[in-house]
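Okay, here's what each chain looks like letter by letter:
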Amino acid sequence: MTMQHLSIGDFQIYWLNGGNFRLDGGTMFGAVPKVLWQKKCQADAANTLPFSNDILLVKTPEHNIIIDTGLGNKLTEKQLSIFQVTSPWSVVTDLAELGLSRQDIDFVLLTHCDFDHAGGIVMHDADGNEALSFPAAVHYVQKSEWQDVEQPCRRAQSTYWPENFSLLKKEGKLEIIEGDLEVLPGITLRHTGGHTRGHQLIELQSKGETAVHLGDLFPTHAHSNPLWIMAYDNFPLEVIDRKEEYFRHYQELDSWFTFYHDPQVKACKLDKQGVISLTWPPSQT
């Protein structure tokens, strides 16, 4: 079966399986009452909801780019149980379906360094040894985010795991940036803050078309109301401000908003009122 992709000019976006899990509905919607969010997402008896960790593969005419890296394959049996992982990370297999190997990835762009986004930086190879999942790729991280990786506060210690980053500096594959940067023509990183101190978005522009990946500022289509934010957000008022700003800016560009955690909708467009006007894949209504 041919893997579906969303075209943005000369760019093609694929969603790869970075592992699925279940999370508490209350934490995913923060102060939003359950009576409201359950109209969009149906929780189970334990109040958990299914979420994906879909790695974005962006193919340009010259390069292959990965956005975030999923859960990885290093989780212990206890961690698999705690995080209620329902399907394993299968990025290497998904790349093979597209005729690519993990050595073919040129860049890894990390929105931030929580374990569900950075867990796939380092993998266990066939012999059980740790290796960079994408050994030829340069990995881009905001300076303030990397500072929090190296000296995490008490809250960050539970989600910034040293084993996910140990090989980056050793292998010389870490690029620390500060602020905005155009990594390649049409592919730009912009520091956002909000969810974490060093959170960043990825903007894709090609032939007059635009897509933007807001990472955990806009985790699923159910979070299209700027006030619907997660309890996981470290700076919630910043998240609201940034969502209002970016929704307005990218709607004016008729941009696609791509998702990482949404198990159903992989991308959407917003109208001038901030209401979802179009979703992708095309079969979604």
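Position labels on residues start from 1 in each chain and follow its written sequence. Where local features are concerned, this predicted model is filtered to residues with pLDDT of at least 70; where side-chain atom pairs are given and counted, the filter is 80 or more; whole-chain, interface and lining totals use all residues. Computation of side-chain values covers all heavy atoms of the structure but excludes hydrogens and water.

Trainee: Mind showing me how you'd approach unusual backbone geometry here?
Mentor: Keep in mind that most residues, glycine aside, have a negative phi and that most peptide bonds are trans. Look at the link from Trp 280 to Pro 281: it is a cis peptide, with omega at 10°. For Pro 281, the location among the structural elements is in the segment after β18 (276-280). If you check the backbone angles, Asp 68 has positive phi at about 60° while not being a glycine. Segments assigned H or I by DSSP are reported as helices when at least four residues long, segments assigned E as strands when at least two residues long, and all are numbered from the N terminus. Note on placement: Asp 68 falls in the loop between β6 (64-67) and α3 (77-82).

Trainee: Sorry if this is basic, but what is going on with helix α6 (residues 143-150) here?
Mentor: Since the α-helix packs 3.6 residues into each turn, any two residues three or four apart lie on the same face. Three or more residues of α6 are buried, namely Ser 144, Glu 145, Trp 146, Asp 148 and Val 149. Among the structural elements, β10 (138-142), α7 (166-170), β11 (174-177) and β13 (187-191) are those in contact with the buried residues of α6. We call a residue buried when its accessible area falls under 20% of the maximum for its residue type, exposed when it is over 50%, and partly exposed in between, using a 1.4 Å probe and counting protein chains only. By the convention used here, residues are in contact when the closest approach between their heavy atoms is within 4.5 Å.

Trainee: Hey, could you run me through the pattern of salt bridges in this one?
Mentor: Charged atoms that come close allow side chains of opposite charge to pair. For this analysis, a salt bridge means a side-chain nitrogen from Lys or Arg found within 4 Å of a carboxyl oxygen belonging to Asp or Glu. For the coordinates displayed, the defined rule picks out 10 salt bridges. Glu 245 is the salt-bridge partner of Arg 242, the closest N and O atoms lying 3.0 Å from each other. Remark: Glu 245 and Arg 242 occur in helix α8 (residues 236-252); sequence separation between them is 3 residues, near one turn of the helix. Between Asp 254 and Lys 269 there is a salt bridge, with the nearest N and O atoms lying 3.1 Å from each other.

Trainee: Help me understand the layout of surface pockets, please; the structure alone is not making it clear to me.
Mentor: One way to see where empty space is left: roll a probe the size of a water molecule over the atoms. Roughly 610 Å³ of internal volume is contained in the largest pocket. Grid points spaced at 1 Å and placed over the protein atoms alone form the basis of the search, with a cavity being a set where a 1.4 Å probe fits but cannot get out and a pocket an open set showing protein on both sides within 12 Å along at least five of seven lines. Lining residues have an atom within 4 Å of a point. In this structure, the largest pocket is lined by 30 residues; those nearest its centre are Asp 114, Arg 155, Thr 159, His 195 and Tyr 232. Counting only elements with at least two residues in the lining of the largest pocket, the list comes to β3 (21-24) and α5 (115-118). Residues that form the lining of the largest pocket fall into these classes: 13 nonpolar, 9 polar and 8 charged. Grid points are joined across faces, edges and corners, and a volume is the space filled by probe spheres set on the points. Here the nonpolar group is Ala, Val, Leu, Ile, Met, Phe, Trp, Tyr, Cys and Pro; Asp, Glu, Lys and Arg are the charged ones; every other residue, Gly included, is treated as polar.

Trainee: Mind showing me how you'd approach the nonpolar core here?
Mentor: If you look at soluble globular proteins, the nonpolar side chains tend to sit buried side by side. Residues Leu 16, Leu 57, Ile 66, Leu 95, Ile 105, Ile 121 and Phe 134 are the most contacted members of the largest nonpolar core, which totals 30 residues. At the level of elements, β2 (11-16), β5 (55-59), α4 (91-97), β8 (122-124), α6 and α7 are the ones that each hand at least two residues to this core. Those residues within four positions of Leu 16 in sequence are excluded, and the remaining contacts are Met 3, Asn 53, Asp 54, Ile 55, Leu 57, Ile 66, Val 91, Asp 94, Leu 95 and Leu 98. The term nonpolar core refers to a set of buried residues drawn from Ala, Val, Leu, Ile, Met, Phe, Trp, Tyr and Cys, joined through side-chain atoms within 4.5 Å. Membership of the second largest hydrophobic core comes to 23 residues, among which are Phe 11, Ile 13, Tyr 140 and Ile 187.

Trainee: Would you mind showing me how to read the packing of aromatic side chains here?
Mentor: In this analysis, rings of Phe, Tyr and Trp, with Trp reduced to its six-membered ring, are considered paired at centre separations within 6.5 Å, and the interplanar angle assigns stacked below 30 degrees, edge-to-face beyond 60, and tilted for intermediate values. Taken as a whole, this structure holds 14 aromatic pairs when the rule is applied. Relative to Trp 228, the ring of Phe 29 lies with its centre 5.8 Å away and its plane at 85°, an arrangement referred to as edge-to-face. Here the residue Phe 29 occupies a position in helix α1 (residues 25-29), and Trp 228 occupies one in the loop between β15 (209-213) and α8, the gap between them amounting to 199 residues. Residue class for Trp 228 comes out buried when judged on its relative accessible area of 12%. Consider the rings of Trp 146 and Phe 165, whose centres lie 5.8 Å apart with planes at 90°: the pair is edge-to-face.

Trainee: Sorry if this is basic, but what is going on with the sheet that holds strand β7 (residues 107-109) here?
Mentor: Pairing between the strands of a sheet is mediated by backbone hydrogen bonds and can be parallel or antiparallel. Judged by pairing direction, the sheet is mixed, and its 7 strands sit side by side in the order β1-β2-β5-β6-β7-β10-β11 without closing on themselves. Two strands in the sheet have a free side with no partner beyond their single neighbour: β1 (6-8) and β11. Averaged over all pairs of adjacent strands, the angle between strand axes in this sheet comes to 25°, irrespective of strand direction. In the packing of α6 onto the sheet, contacts are made with β10 and β11, and the angle to β10 comes to roughly 90°. Note on pairing: two strands pair once DSSP finds at least 2 bridges between them. To obtain an axis, a line is fitted to C-alpha atoms, over the contacting stretch when the element is a helix, and the angle between two such axes runs from 0 to 180 degrees between their N-to-C directions.

Trainee: Can you walk me through the pairing of β18 in this structure?
Mentor: Regular strands show a simple pattern: their side chains alternate between the two faces of the sheet. Here strand β17 (residues 267-270) pairs with β18 via 4 bridges, running antiparallel. Note on β18: the bridge partner recorded for Leu 270 is Ile 276. With antiparallel pairing between neighbouring strands as the criterion, β17 and β18 make up a hairpin whose turn holds 5 residues, including Gly 274 at a positive phi of roughly 80°.

Trainee: Looking at this structure, how should I read the sheet that holds strand β16 (residues 256-258)?
Mentor: If you trace the 7 strands from one edge of the open sheet to the other, you get β12-β13-β14-β15-β16-β17-β18, paired in mixed fashion. Looking at strand neighbours, the two that pair on one side only are β12 (181-184) and β18, the edges of this open sheet. Taking the axes of each pair of neighbouring strands and ignoring which way they run, one obtains an average angle of 25° across the sheet. Pairing between β15 and β16: 3 bridges, direction parallel. Bridge pairing in β16 links Ala 211 to Trp 256.

Trainee: Got a minute to help me understand the environment of Glu 150 in this structure?
Mentor: Structurally, the position occupied by Glu 150 is in helix α6. C-alpha of Glu 150 to C-alpha of Gly 186: the two residues are 36 residues apart in sequence and 31 Å apart in space. Polar side-chain contacts of Glu 150 include one of 3.1 Å to the side chain of Lys 169. Counting of polar contacts relies on pairs of N or O atoms within 3.5 Å, with two restrictions inside protein: one atom must be capable of donating a hydrogen and the other of accepting it, and residues adjacent in sequence are counted only when both atoms are side-chain atoms.

Trainee: Looking at this model, I keep getting lost on the side chain of Thr 69. Mind explaining?
Mentor: Inspection of the secondary structure puts Thr 69 in the loop between β6 and α3. The class for Thr 69 is buried, based on a relative accessible area of 0%. Not counting residues up to four positions away in its chain, the partners in contact with Thr 69 are Ile 55, Trp 89, Val 108, Leu 110, His 117, Ala 118, Gly 119, Gly 120, Ile 121, Phe 134 and Tyr 260.

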